[in-house]
Amino acid sequence: QEQLVESGGGLAQAGGSLKLSCVDSGRTFSNYAMGWFRQAPGKEREFVASIKLSAGNTYYTDSVQGRFTISRGNAKNTIYLTMNSLKPGDTGVYYCAGATRPTTYLAQFEGYNNWGQGIRVTVSP
């Protein structure tokens, strides 16, 4: 059964760090790309970062550029999001997503066809 599972969320203080992990289990082939989206309370889900698993190309939304790093793990279909210099505005539910086919829409929902359940990140002032 296809399933993306996120881990590593929790509570951090402003200026602190957290590292999220995502594993897309049950898939016999590698995803083309995987990414992270987030949804803050009362707001729409937004793109955070993505990575092409074979080429290693990474993409970030402007608000996290230089603070967050998306990376791929040694295990198939595993990615991480290392979040440094956290701000209260980073608070939200973070979702891992997988794209099984090549797409140019890696910063948009339409580019992904598999989603995790989400994990909460809370950054206190």
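Note: the structure precedes this text.
If you're wondering where the values come from, they're calculated on a predicted model, not measured in any experiment. Going along each chain's sequence as written, the residues are numbered from 1 onward. Local features in this predicted model are restricted to residues whose pLDDT is 70 or higher, and side-chain atom pairs enter the listing and the counts only when it is 80 or higher, whereas totals over whole chains, interfaces and linings include all residues. Side-chain measures here rest on the full set of heavy atoms in the structure, leaving out hydrogens and waters.

A. Representation of the state of the cysteines. The criterion for a disulfide is a pair of cysteine sulfur atoms lying within 2.5 Å. Following the criterion strictly, the structure yields one disulfide and no others. Sulfur-sulfur distance for the disulfide between Cys22 and Cys96 comes to 2.0 Å. The disulfide joining Cys22 to Cys96 has a torsion of about -85 degrees about its S-S bond and is therefore left-handed. One end of the pair, Cys22, is in strand 3 (residues 18-25); the other, Cys96, is in strand 9 (residues 92-99), with 74 residues separating them in the sequence. An identical accessibility class is assigned to Cys22 and Cys96; each is buried. Secondary structure elements follow DSSP: runs of H or I no shorter than four residues count as helices, runs of E no shorter than two count as strands, and numbering proceeds from the N terminus. For each residue, the accessible area found with a 1.4 Å probe, counting protein chains only, is set against the maximum for its type, and the residue is called buried under 20%, exposed over 50%, and partly exposed in between.

B. Layout of the nonpolar core. Buried Ala, Val, Leu, Ile, Met, Phe, Trp, Tyr and Cys residues form a nonpolar core when they are joined through side-chain atoms within 4.5 Å. Core analysis: the biggest nonpolar cluster contains 24 residues, and Trp36, Ile79, Leu81, Met83 and Tyr94 have the highest contact counts within it. Only heavy atoms enter the contact rule, under which two residues are in contact if any of them lie within 4.5 Å. Sequence-distant contacts of Leu81, that is, excluding residues within four places in its chain, are made with Leu18, Lys19, Leu20, Trp36, Val48, Ala49, Phe68, Thr69, Ile70 and Tyr94. The next biggest cluster of nonpolar side chains, apart from the first, holds seven residues, and it includes Phe37, Ala97, Ala99 and Tyr112.

C. Focus on the pattern of salt bridges. By definition here, a salt bridge exists when the distance from a side-chain nitrogen of Lys or Arg to a carboxyl oxygen of Asp or Glu is within 4 Å. As enumerated under the stated definition, the model contains four salt bridges in all. Between Arg27 and Asp24 there is a salt bridge whose closest N-O contact spans 2.8 Å. Here the two residues Arg27 and Asp24 agree in accessibility, since each one is buried. A salt bridge links Arg38 to Glu46; its shortest N-O distance comes to 2.7 Å. Residue classification places Arg38 among the buried residues on the basis of a relative accessible area of 5%. With a relative accessible area of 35%, Glu46 lands in the partly exposed category. Among the charged side chains, a network of salt bridges with common partners joins Arg38, Glu46, Arg67 and Asp90.

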